[in-house]
Amino acid sequence: MTNCVLCKEELKPEEGQLIWRGDDCRVILVNDPDLPGFCRVIWNRHVAEMTDLTYGEREHLMALVFAVEGAVRHVMHPEKVNIAALGNMVPHIHWHVIPRYKDDAFFPGSAWSQKTQKTPAANLEARKKLAQELPAAIKSAIAALS
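Residues numbered from 1 in each chain as written. Predicted model: local features only at pLDDT ≥ 70, side-chain atom pairs only at ≥ 80, totals over all residues. Heavy atoms only, no water.

1. Observations concerning the pairing of strand 3 (residues 39–43)
The side chains of a regular strand alternate between the sheet's two faces.
Part 1 of the argument: Burial analysis of strand 3 places 5 of its 5 residues in the buried class, the great majority of the element.
Part 2 of the argument: The two faces of strand 3 match: C39, V41 and W43 on one face and R40 and I42 on the other face are all buried.
Part 3 of the argument: Here strand 2 (residues 25–30) runs beside strand 3; their pairing, made up of 5 bridges, is antiparallel. Its bridge partner being in strand 3, L29 is matched across the sheet by C39.
Part 4 of the argument: Where strand 3 meets strand 5 (residues 94–100), 4 bridges bridge the pair, whose relative direction is antiparallel. By the bridge assignment, I42 is partnered in strand 5 with H94. (Buried < 20%, exposed > 50% of the residue type's maximum accessible area, 1.4 Å probe, protein only. Helix = DSSP H or I, 4+ residues; strand = E, 2+ residues; numbered from the N terminus. Pairing = 2+ DSSP bridges.)

Here it is as structure tokens:
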């Protein structure tokens, strides 16, 4: 698929930051102004479904997703973490790891819902500051998998 947004190697700053890249996967800190700490774990090859991967590849990918979730919980202190693999718009395996709070713009709906409220600016700023610690925490969590 030549126009898949997840196949491209380079990110624009407004899209996010590459945190970690391995042979099979990469981890992106998504630049989402409403959901600081939102990460994406992306399978590098263009593959549409989890069952297209071998068992070993699935285990590897999910170990990375769980490492990212653990780092997000440790750094961001969310009330809940949403983990989702939708791929309805982009048929390329990727997992969303999203810290959620009762005052976030979409609560209690999904991160793709209509906004239900305005997050207090001070809370957003505090979360953005915490999210700056995620790259180191995620790299450390992934290194601990070895």
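2. Brief notes about the pattern of salt bridges
Part 1 of the argument: Following the criterion strictly, the structure yields 5 salt bridges and no others.
Part 2 of the argument: One salt bridge connects D34 with K115, and the closest N-O pair in it is separated by 3.0 Å. Of this pair, D34 sits in the loop between strand 2 and strand 3 while K115 sits in the loop between strand 5 and helix 2 (121–131), and the two are 81 residues apart along the sequence. (Salt bridge = Lys/Arg side-chain N within 4 Å of Asp/Glu carboxyl O.)

3. A few points about the nonpolar core
Part 1 of the argument: Core analysis: the biggest nonpolar cluster contains 29 residues, and C39, V41, L61, V68, L134 and I138 have the highest contact counts within it.
Part 2 of the argument: Breaking this core down by element, the ones donating at least two residues are strand 2, strand 3, helix 1 (55–76), strand 5 and helix 3 (134–143).
Part 3 of the argument: With 10 residues, helix 1 is the single largest residue contributor to this core.
Part 4 of the argument: Sequence-distant contacts of L61, defined by excluding residues within four places in its chain, comprise C25, V41, W43, M50, L53, I93 and W95.
Part 5 of the argument: V30, L35, I42 and A105 belong to the second largest nonpolar core, which has 12 residues in total. (Core = buried A, V, L, I, M, F, W, Y, C linked by side-chain atoms within 4.5 Å. Contact = heavy atoms within 4.5 Å.)

4. Details of the packing of aromatic side chains
Part 1 of the argument: Under the defined criterion, the tally for this structure stands at 0 aromatic pairs.
Part 2 of the argument: The residue whose ring lies beneath R127 is Y101, and the NZ or CZ to ring-centre distance is 3.7 Å. (Phe/Tyr/Trp six-rings, centres within 6.5 Å; stacked < 30°, edge-to-face > 60°. Lys NZ or Arg CZ within 6 Å of the ring centre and 35° of its normal.)

5. A word on helix 3
Part 1 of the argument: Along helix 3, the residues classified as buried are L134, P135, A137, I138 and I142. Projected down its long axis, helix 3 carries its buried residues within an arc of 165 degrees, all on one side. Across from the buried face of helix 3, at angles greater than 90 degrees, the exposed residues are A136 and A143.
Part 2 of the argument: Tucked into the core, helix 3 has its buried residues touching strand 1 (16–21), strand 2, strand 3, helix 1 and helix 2. (Arc of directions from axis to C-beta.)

6. What to know about empty space enclosed by the protein
Part 1 of the argument: All chains considered together, the criterion is met by 1 cavity of 30 Å³ or more.
Part 2 of the argument: Within this model, the largest cavity holds a volume of roughly 30 Å³.
Part 3 of the argument: Together, D34, L35, P36, P99, Y101, D104, L124 and R127 line the largest cavity.
Part 4 of the argument: Per-class residue counts for the lining of the largest cavity are 5 nonpolar, no polar and 3 charged. (1 Å grid on protein atoms, 1.4 Å probe; cavity = no way out; pocket = protein on both sides within 12 Å on 5 of 7 lines; lining within 4 Å. Points joined across faces, edges and corners; volume = space filled by probe spheres on them. Nonpolar A, V, L, I, M, F, W, Y, C, P; charged D, E, K, R; others polar.)

7. Thoughts on the pairing of strand 2
Part 1 of the argument: Of all 6 residues making up strand 2, 6 are buried, and the element is well covered by its neighbours.
Part 2 of the argument: Covered by surrounding structure in strand 2 are C25, V27 and L29 together with R26, I28 and V30, the residues of both alternating faces.
Part 3 of the argument: Where strand 1 lies against strand 2, 5 bridges are found, and the strand directions are antiparallel. Each residue of the ladder has a partner; that of Q17, found in strand 2, is L29.
Part 4 of the argument: Turn length for the strand 1-strand 2 hairpin, with the two strands adjacent in sequence and antiparallel, is 3 residues.

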